[in-house]
Every structure is written in structure tokens, then in C-alpha cells.
Amino acid sequence: MADEPVQQILEALQAGASPDESFRRLCDLYGRRLYHFFSKRGFSREDCLDLTQETFLGIYRGIGSFRRDAGFETWLFKVATNAYRKRLRFRAADKRAGEEVPLEAEEGEAGPPRELPATTPQPGEEVLQKERSRVVREAIEKLPEQMRKCLLLRVYQDLKYREIAALLRLSPETVKVHLFQARRKLQQELGGYFADSLLGADEAT
Amino acid sequence: MNDWTDDLRQGVEELAGEARRSADVHLEPEEIADYRDGRLSPADAERVQSHLVACRECAALLLDLEGLADPAFGAAEPWSAADADAVWEGVRSGLGDKKAAASVIPFPARVRPPRWLQALAAALLIAVLGLSTRVASLRHTVHELSRPEVNAIVLDLYPEGSGRRSEGEGEGAEVRGGARFLTVSLHPAAAESYPDYEIEAAGADGRPIWQESGLRPDDLGLFLVTVPRSALSVLAGGDVRLRLFGLDAAGGRHPVGEFTLRLGDR
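What counts and how
Residues numbered from 1 in each chain as written. Chains lettered and ligands numbered in written order. Predicted model: local features only at pLDDT ≥ 70, side-chain atom pairs only at ≥ 80, totals over all residues. Heavy atoms only, no water. Helix = DSSP H or I, 4+ residues; strand = E, 2+ residues; numbered from the N terminus. Contact = heavy atoms within 4.5 Å. Areas by Shrake-Rupley, 256 points an atom, 1.4 Å probe, with all protein chains shown as cover. Expected span 1.5 Å × (residues − 1). Buried < 20%, exposed > 50% of the residue type's maximum accessible area, 1.4 Å probe, protein only. Arc of directions from axis to C-beta. Phe/Tyr/Trp six-rings, centres within 6.5 Å; stacked < 30°, edge-to-face > 60°. Lys NZ or Arg CZ within 6 Å of the ring centre and 35° of its normal. Buried area = accessible area lost by both parts, 1.4 Å probe. Salt bridge = Lys/Arg side-chain N within 4 Å of Asp/Glu carboxyl O. Polar contact = N/O pair within 3.5 Å; in protein donor to acceptor, adjacent residues only side chain to side chain. Core = buried A, V, L, I, M, F, W, Y, C linked by side-chain atoms within 4.5 Å. Lys, Arg positive; Asp, Glu negative; His and termini not counted. Patch = residues over 30% accessible without salt bridge, like charges linked within 9 Å, V, L, I, M, F, W, Y side chains within 5 Å.

Caption draft 1: Focus on the overall build of chain B. The number of helices and strands found in chain B is seven helices and seven strands. Across chain B, helices and strands are ordered from the amino to the carboxyl terminus as α-α-α-α-α-α-β-β-β-β-β-α-β-β. Restricting the contact set of chain B to residue pairs at least 6 apart, pairs at least 24 apart contribute 62%. If you sum the accessible surface of chain B, you get close to 15300 Å²; carbon and sulfur atoms cover 56% of it.

Printed below as a string of C-alpha cells:
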């Protein structure tokens with residue numbers, strides 16, 4: 001349910017109030033948040049302002065069909081996400097060479113893909129490395145499902161406990177327990193050959 | 001040096017990469033919101049969760065859905081009152097509400113104009129009426145000139161699986177070298193209606209290469225889309241898949257029909 005000031009604004013707008021006052025207040029409340037939403041996805045300042053404006057227009061046009069028992073922020077999120085994806089599709093269509101721009105190309109919060117350090121192993125080392133990779137993967141795959149998901153989110157997406165908790169709909173404390181147990185199980189499987197710090201033993205939530 | 005750290009990271013990257021490749025489309029914002037609010041079935045929730053673990057973008061979207069409810073979200077952004085004003089003015093322009101608050105102007109006392117002024121006004125009215133008639137005639141001419149040329153290419157396309165044969169199937173529709181444009185008439189099968197529509201053209205490899213939005217069906221429920229010459233050069237070269245989408249009030253896309261356009265030699 002929309003919080004009270006937003007609720008009042010929406011009621012007024014749905015009752016036909018002039019947008020000059022009511023909708024302006026909505027723009028003031030959410031303008032910066034929307035700007036940040038687009039900025040995190042790598043858009044220029046100009047595009048962020050443009051997309052923010054486009055989102056508010058989409059909100060206004062759909063105001064008559066908005067159900068007040070639904071979350072306003074949820075609706076805002078849907079309109080903003082659709083605006084963002086539409087802008088990406090237009091960019092892909094503009095590239096007339098037909099080169100597709102994958103959505104992952106617009107890296108935001110997670111930053112660019114993590115790269116492993118470049119190595120030029122000797123032939124024997126390469127075989128050893130492949131074998132270790134296989135052993136590690138098997139050890140990860142043996143973990144219970146939620147534990148494995150916590151590990152993947154921590155190591156692959158470099159997320160904090162509370163972020164992992166939000167994604168998996170767990171409490172941060174449960175996430176900590178899962179990561180602690182994952183570390184212990186991997187230590188047992190791999191003979192203590194990986195770093196404690198990788199799983200955030202010293203992380204603050 | 002502890003090598004297992006890199007091996008662990010690599011193992012995780014490989015597993016996430018495999019999971020990501022097996023789910024080749026991103027989540028819809030509705031799915032993300034429904035998952036966050038616990039409105040999905042257990043099977044759907046599991047599917048969405050597995051995708052979130054492997055997909056950085058969708059995971060970031062869910063975290064930002066949480067963020068939008070936080071007044072401090074984006075507190076560090078360079079957002080000023082001038083930005084808020086600029087966005088608001090843009091929104092107002094979009095709403096078509098450009099009037100400033102009007103001040104009250106008292107009506108002047110009624111004054112009867114002199115006869116010569118009345119005659120001038122009548123003459124001007126006649127002149128305006130005559131001019132309007134002329135303009136209407138010119139508009140008609142322009143409309144006629146703007147209509148597709150006699151030998152213009154207009155193709156009827158039917159969705160795949162409809163049992164009807166689209167024009168150009170087989171050897172492909174021939175586009176003359178001098179053709180200014182190509183018009184396709186899409187006959188969608190879907191009965192559901194949307195406030196807005198858009199069309200996207202994709203090459204044989206599925207990549208989008210051209211797009212147009214703001215489409216509306218005609219009285220027969222058909223979509224007439226004119227592709228200009230400049231886009232023809234992009235589309236030429238084999239099969240083109242035209243995908244028609246309906247757009248809902250939130251801007252979400254819903255597939256309405258897929259059509260295949262085959263262009264022959266030009």
C-alpha cells in the first residue's frame with residue numbers, strides 16, 4: 001500500500017485534481033530516486049533526466065488504472081524498468097549493422113564482469129589447474145541448495161549479507177549461517193585450501 | 001599464494017555462467033515484484049530465484065525495487081532543484097498543460113465599432129473563407145500525392161501457423177530499385193487489444209535491426225506499416241521476422257504476432 005503522502009497525492013489525481021500541484025509533489029518525492037535508478041545502469045546525465053521524465057509521464061498516463069492497494073514504488077519500478085529496457089532496445093535497433101547489445105552490457109551496481117588474473121601456465125600446470133577446477137566445482141555442487149545460492153551470490157555477484165538476504169528472501173543472519181557452513185563444508189572437501197576472507201568472514205552487513 | 005581462491009571464484013563463475021545461459025531471457029518487472037512480495041507459486045519462485053542468482057542485472061533490479069521505497073536512495077546523486085524543475089517542465093509539456101496561472105482581466109465596456117470597421121471585418125471573413133477552401137483543396141492534393149504510388153509495394157502478411165500464405169513467400173517479394181518505401185499489411189490473429197503497439201524487425205539470426213512504435217490498428221484490425229527506403233537497405237538480405245507487440249499501460253510488451261517477410265533481389 002502506498003504510504004500516506006503518496007496515497008493522498010494519488011487520490012487527488014484520480015479524483016481529477018490538477019497535476020500542477022499534486023503530480024509535481026510526486027516528481028519531487030521520487031525524481032532523485034528515479035534518476036539514481038537510471039544512473040546506476042550507466043546512462044548519461046541527459047539520458048537519466050530524459051528517462052526520469054518518461055517514467056513520470058508513463059505514471060501519469062496510467063494513474064487512472066492504478067490500484068491503491070498495490071505498492072506505488074512497485075508500479076514506479078515496473079514503468080521505470082520498461083522505460084529502461086525500451087531505451088536499450090532502441091539503441092540496439094539504431095545500430096544498423098545489426099549488432100545486438102546484450103542487456104548485461106549496461107553494467108550498473110555490480111560493475112564490470114570480474115576477470116581472473118591472466119596466467120600462462122605450463123602444460124603440466126594446465127592439466128593440474130583443470131583438475132582443481134573440476135574438484136572445486138564438484139564441491140560447490142555438493143552444497144545444499146540455499147547454501148550454494150548464498151555462496152554464488154557472495155562470490156559471483158559480490159553482494160553483502162543484507163542484499164543476499166533480500167534476493168533469497170532470507171534474514172541476514174540466516175545468510176551468515178549458510179556462508180559459514182558453506183565455508184566449513186568446502187574446507188572439509190578441499191582440505192582447507194581456500195581463503196576465509198573470500199566468504200566475508202570479516203564483512204560488515 | 002593461495003591458488004584455491006581463484007579456483008573457487010572460477011568454479012562459481014562457470015556455474016553461474018551455465019545457469020545464465022540456460023535462462024536466455026531476463027525476468028519481467030512484474031515477476032521480480034511478485035517474487036519480492038511472495039505472490040509467486042513455489043515453482044515460479046524457485047525459477048525466479050535461480051535466475052536471480054545467475055543474473056547480475058535482474059538481481060540489481062530487485063535490489064533497486066527495494067531501494068525505490070527508501071527516501072535516501074540516490075542521496076549522493078547530483079540532483080538539484082533545477083533538475084527537478086527541468087523534469088517537471090518536461091512532464092508538463094508532455095501532459096499538454098502549458099498554461100501559466102491566468103490573472104483576472106476585467107471585461108472592457110461594450111463599444112460598438114464604426115461601420116467601416118464592420119465592413120472591413122466582413123471582407124476579411126470572406127477572404128479567410130475563400131483561403132480556407134483553397135487550403136483544403138491543396139491538402140487534398142497533397143494527400144493524393146502522398147498516397148502510395150500506383151506500383152508501390154504493399155504486402156499482406158499473415159502470422160505463422162495461421163494457415164494463410166503471406167505475400168512474398170517462396171522466392172521473396174521483389175523490391176524495385178526505385179521504390180521509395182515498402183508497405184506491409186499485418187493480419188494479426190490475436191483478439192486482445194492494447195493502448196499502443198510497436199513493431200520490431202529482426203534478421204535471420206534473431207537480432208533486432210529496425211523498430212517503429214506508436215502503431216494503431218485500422219478499422220479492420222490490420223496494421224499498415226510503411227518501411228522507408230533507408231530502412232529497406234537494412235532489411236534486405238533474406239528473411240526478416242516482424243514481431244508485433246502490444247504495449248500495456250505500464251509500457252510492458254506483449255507478443256501479438258510474428259510475421260516473416262522475405263525480400264528478393266532489388
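Caption draft 2: Expanded view of helix H5 (residues 123-142) of chain A. All names here are of chain A. For H5, built from 20 residues, the straight-helix expectation of 28 Å at 1.5 Å per residue is met to within 8% by its first-to-last C-alpha distance of 29 Å. Where H5 is concerned, the buried positions are Arg132, Ser133, Val136, Arg137, Ala139 and Ile140. For H5, the angular spread of the buried residues around the axis is 160°, confining them to a single face. When the buried face of H5 is taken as reference, the exposed residues oriented beyond 90 degrees from it are Pro123, Gly124, Val127, Lys130 and Lys142.

Caption draft 3: Looking closely at the environment of glutamate 31 of chain B. All names here are of chain B. Position of glutamate 31 among the secondary structure elements: in helix H2 (residues 29-36). Separated by 31 residues in the primary sequence, glutamate 31 and leucine 62 place their C-alpha atoms 9.9 Å from one another. Discounting residues that sit within four places of it in the chain, glutamate 31 has contacts with Leu40 and Arg47.

Caption draft 4: Quick look at the packing of aromatic side chains. Tallied over the full model, the rule gives twelve aromatic pairs over all chains. On the basis of an interplanar angle of 35° and a centroid distance of 6.3 Å, the ring pair of phenylalanine 23 of chain A and tryptophan 88 of chain B is categorised as tilted. Pair noted here: phenylalanine 23 of chain A is in helix H2 (residues 19-39) and tryptophan 88 of chain B is in helix H5 (residues 81-95), and the two residues belong to different chains. Taken individually, phenylalanine 23 of chain A and tryptophan 88 of chain B each receive the classification buried, so the pair is uniform in this respect. In this structure an aromatic cluster arises from ring pairing among Phe37, Phe38, Phe43, Phe77 and Tyr84 of chain A. It is arginine 41 of chain A that lies over the ring of tyrosine 84 of chain A; its NZ or CZ is 5.7 Å from the centre.

Caption draft 5: Local environment of unusual backbone geometry. All names here are of chain A. Even without being a glycine, aspartate 158 presents a positive backbone phi close to 55°. Counting through the fold element by element, aspartate 158 comes out in the loop between helix H6 (145-155) and helix H7 (161-168). Despite not being glycine, arginine 169 shows a phi value in the positive range, around 55°. Its place among the elements puts arginine 169 in the loop between H7 and helix H8 (172-190). Look at arginine 169 and you get partly exposed, because its relative accessible area is 48%.

Caption draft 6: Examining the interface of chain B and chain A more closely. Contact with chain B, which involves 82 residues of that partner, is made by 84 residues of chain A. Buried area between chain B and chain A, summed over both chains or domains, comes out near 8000 Å², and the portion from carbon and sulfur atoms is 61%. Counting across the interface, chain B meets chain A through eight salt bridges. A salt bridge links lysine 149 of chain A to glutamate 46 of chain B; its shortest N-O distance comes to 3.1 Å. Here chain B and chain A share 24 residue pairs in polar contact (both at pLDDT 80 or more) between them.

Caption draft 7: Representation of the nonpolar core. With 79 residues, the main nonpolar core has Phe23, Leu26, Phe38 and Phe72 of chain A as its most contacted residues. Here this core gets nine residues from one element, more than from any other, and that element is helix H4 (residues 72-94) of chain A. Counting 21 residues, the second largest nonpolar core, distinct from the first, contains Leu182, Val184, Leu244 and Leu261 of chain B.

Caption draft 8: Summary view of helix H3 (residues 42-54) of chain B. Taking 1.5 Å per residue, 13 residues should reach 18 Å; H3 of chain B reaches 19 Å between its end C-alpha atoms and fits that length. Taken together, the buried positions of H3 of chain B are occupied by Ala45, Val48, Gln49, His51, Leu52, Val53 and Ala54 of chain B.

Caption draft 9: Layout of the side chain of arginine 33 of chain A. Take arginine 33 of chain A: it is sitting in helix H2. Here arginine 33 of chain A sits buried without a salt bridge, and the closest side chain of opposite charge, glutamate 73 of chain A, lies 4.4 Å off (N-O distance). Sequence-distant contacts of arginine 33 of chain A, defined by excluding residues within four places in its chain, comprise Glu73 of chain A together with Leu68, Ala69, Asp70, Pro71 and Phe73 of chain B.

Caption draft 10: Just a nonpolar patch on the surface, in detail. A cluster of nonpolar residues, Trp116, Leu117, Leu120 and Leu124 of chain B, forms a patch on the protein surface that exposes about 430 Å² of accessible area. Secondary-structure assignment places leucine 120 of chain B in helix H6 (residues 115-146).

Caption draft 11: Structural context of the pattern of salt bridges. Across all of its chains, the model carries 31 salt bridges over all chains by this definition. One salt bridge in this structure joins arginine 154 of chain A and aspartate 158 of chain A, with 3.9 Å as the shortest N-O distance. Given a relative accessible area of 11%, arginine 154 of chain A falls into the buried group. Since its relative accessible area comes to 46%, aspartate 158 of chain A is described here as partly exposed. When the shortest N-O distance is used, the salt bridge between arginine 36 of chain B and aspartate 37 of chain B registers 2.6 Å. When its relative accessible area of 32% is taken as the criterion, aspartate 37 of chain B is described as partly exposed. Here the salt bridges share partners, and the residues they tie into one network are Arg89 of chain A together with Glu198, Glu200, Arg241, Arg243, Arg253 and Glu258 of chain B.

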